[in-house]
Amino acid sequence: MPTQPEIVRIELTPQQKDQLKAKTGRDAEAIELTVTELEERIAPGRTWNHNDTFLVD
Amino acid sequence: MHRRRGDYPQAEQLLRQAVVLAEQADPLDARRLAVALNGLGLVCKDLAKHNEARAAYRRALALLEQAPGSHDDWIATIYHNLGGIEHASGNYAQGEPLARRGLAIRRALGGDAEAVAADMAALAAILDAQQQHDEAEQLYVDALQVFEREPQANAGDIAVTLNGLGALYAKRGALEEAEALLTRAVSLREETLGPRHADVAVTLNNLGMVYKRRGHYERATTTYLAAVEILEQTLGAQHPKTIACRMNYARCVADAGAAPA
């Protein structure tokens, strides 16, 4: 039977709460992400490749 | 992180583990597995394992196209990367429709201007390789304009676009403009990736060619040699880029000897 996606809760620091309030006007204590969303956000670098041109003489 | 540092074998090992973990998840999360496969494809491309990269991307695409929900953001990225594999393999005509499809899907999504710009720069490289210089130049210039809005966040994309546009100008014989763009790309890559990264060497190789064409043989040989050393250290002596760069260096040394003092 399919299970609910695992949720990761990240508590915000006071500074982050202020930033969120300033940018969105909303109050929040924490953000919640699924494991997949978290992995996508912490993945280092871009997810696309670069077609670097390499000159050959 | 390992890939960004240029530690490609370590990155490959970790990404293979990520794929296995995603495959074992119950229930299977198709998007998560596709993301892991995309990561593996990226590092396999860096290591010139083009068939493995292509297979990873194709599998990711099939997963995303069959998964419930909308995954067009990732589907656009996979098409972008499939085009990139054909670019790296020298199959430019095969890469063009893939890159164009990725760009079309991303544009239809709206929103992420930087991702659209990255698709444009990737397509530009494929067009440039097919001598379609005018469209390629326009795409590079437009993409650069988008990336430059947030230069710190987009340093990597700015560097690759400068490298591509500089190489395009070099082919056209606009050597002064090419040198300025490539010099900036080298600085940017050294700042963001460190001086011993393979991407730095790619641009040094191109800059070496521009120096040579401008008749600056001593500077050209030094620049080529620096590129060869970095490529040998990061990608290995048998990697196609290392071999090509060594050939460029050898030709430059030979031509420098033949050039009038």
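Since this is a predicted model, take the numbers as computed values, not measurements.

What counts and what doesn't
Counting of residues starts from 1 at the beginning of each chain's written sequence and follows it residue by residue. Going through the entries in the order they are written, you letter the chains from A and number the ligands from 1. Where local features are concerned, this predicted model is filtered to residues with pLDDT of at least 70; where side-chain atom pairs are given and counted, the filter is 80 or more; whole-chain, interface and lining totals use all residues. You can read pLDDT as the predictor saying how much it trusts each residue, on a scale of 0 to 100. Residues are defined as contacting one another if the C-beta atoms placed from their backbone atoms lie within 7 Å. Starting at the N terminus, helices and strands are each numbered in turn, a helix being any DSSP run of H or I of at least four residues and a strand any DSSP run of E of at least two. Only Asp, Glu, Lys and Arg are considered charged, only Ala, Val, Leu, Ile, Met, Phe, Trp, Tyr, Cys and Pro nonpolar, and every remaining residue, Gly among them, polar. Interaxial angles span 0 to 180 degrees and are taken between N-to-C directions of axes, which are lines fitted to C-alpha atoms, for helices over the stretch in contact. Working definition: roughly parallel below 35 degrees, roughly antiparallel above 145 degrees, roughly perpendicular at 65 to 115 degrees, and oblique for all remaining angles. Here is the rule for handedness: rotate from the far helix to the near one, and if that takes an anticlockwise turn smaller than a right angle the crossing is left-handed, while a clockwise turn gives right-handed. The span you would expect from a helix comes to 1.5 Å times its residue count less one. Here the C-beta atoms are placed from the backbone, and a residue counts as buried if at least 20 other C-beta atoms lie within 10 Å of its own, exposed if 12 or fewer do, and partly exposed otherwise.

**Focus: the confidence of the model for chain B**
Summary statistics for chain B give a mean pLDDT of 93 and a share of 97% for residues scoring 70 or more. Among the scores for the predicted complex, ipTM is 0.87 and pTM is 0.83.

**Description of the interface of chain B and chain A**
Chain B puts 36 residues into the contact, and the matching count from chain A is 18 residues. Put simply, the parts of the chain that give the side of chain B that touches chain A at least two residues each are helix H1 (2-5), helix H3 (30-46), helix H5 (72-89), helix H7 (113-129), helix H9 (155-172), helix H11 (198-213) and helix H13 (240-258) of chain B. For the side of chain B that touches chain A, the class distribution of residues is 14 nonpolar, twelve polar and ten charged.

**Structural notes on the packing of H5 of chain B against helix H6 (residues 92-109) of chain B**
All names here are of chain B. Where H5 meets H6, the closest approach of the two axes is 7 Å, and the angle between their N-to-C directions is 160°. With respect to each other, H5 and H6 are oriented roughly antiparallel. Our pair here, H5 against H6, has a crossing hand that is left-handed. Facing H5, whose interface residues are Asp72, Asp73, Ile75, Ala76, Tyr79, His80, Leu82, Gly83, Glu86 and His87, H6 presents Tyr92, Gln94, Gly95, Leu98, Ala99, Arg101, Gly102, Ile105, Arg106 and Leu109.

**A closer look at helix H8 (residues 133-147) of chain B**
Compared with the 21 Å implied by 1.5 Å per residue over 15 residues, the 21 Å span of H8 of chain B between its first and last C-alpha is a close match. Contacts from the buried residues of H8 of chain B go to H7 and H9 of chain B.

**Side note on the packing of H3 of chain B against helix H4 (residues 50-66) of chain B**
Residue and element names in this part refer to chain B. One way to put it is that H3 packs onto H4 with a least axis distance of 8 Å and a crossing angle of 160°. The orientation of H3 relative to H4 falls into the category roughly antiparallel. Considering how the two elements wind past one another, H3 and H4 form a crossing that is left-handed. Of H4, the residues touching H3 (which contributes Ala30, Arg31, Leu33, Ala34, Leu37, Asn38, Leu40, Gly41, Cys44 and Lys45) are His50, Glu52, Ala53, Ala56, Tyr57, Arg59, Ala60, Leu63 and Leu64.

**Observations regarding the environment of Arg246 of chain B**
On the secondary structure map, Arg246 of chain B appears in helix H13. Taking the C-alpha atoms as reference points, Arg246 of chain B and Leu225 of chain B, separated by 21 residues in sequence, lie 7.8 Å from one another.

**Focus on the environment of Glu29 of chain A**
All names here are of chain A. If you trace the backbone, Glu29 turns up in the loop between helix H1 (14-24) and strand E2 (30-34). With 8 C-beta atoms packed within 10 Å, Glu29 lands in the exposed category. In the structure, Glu29 is positioned 19 residues away from Ile10 in sequence and 8.8 Å away in space, judged by C-alpha atoms. Beyond its immediate sequence surroundings of up to four residues, Glu29 is in contact with Glu11 and Leu12.

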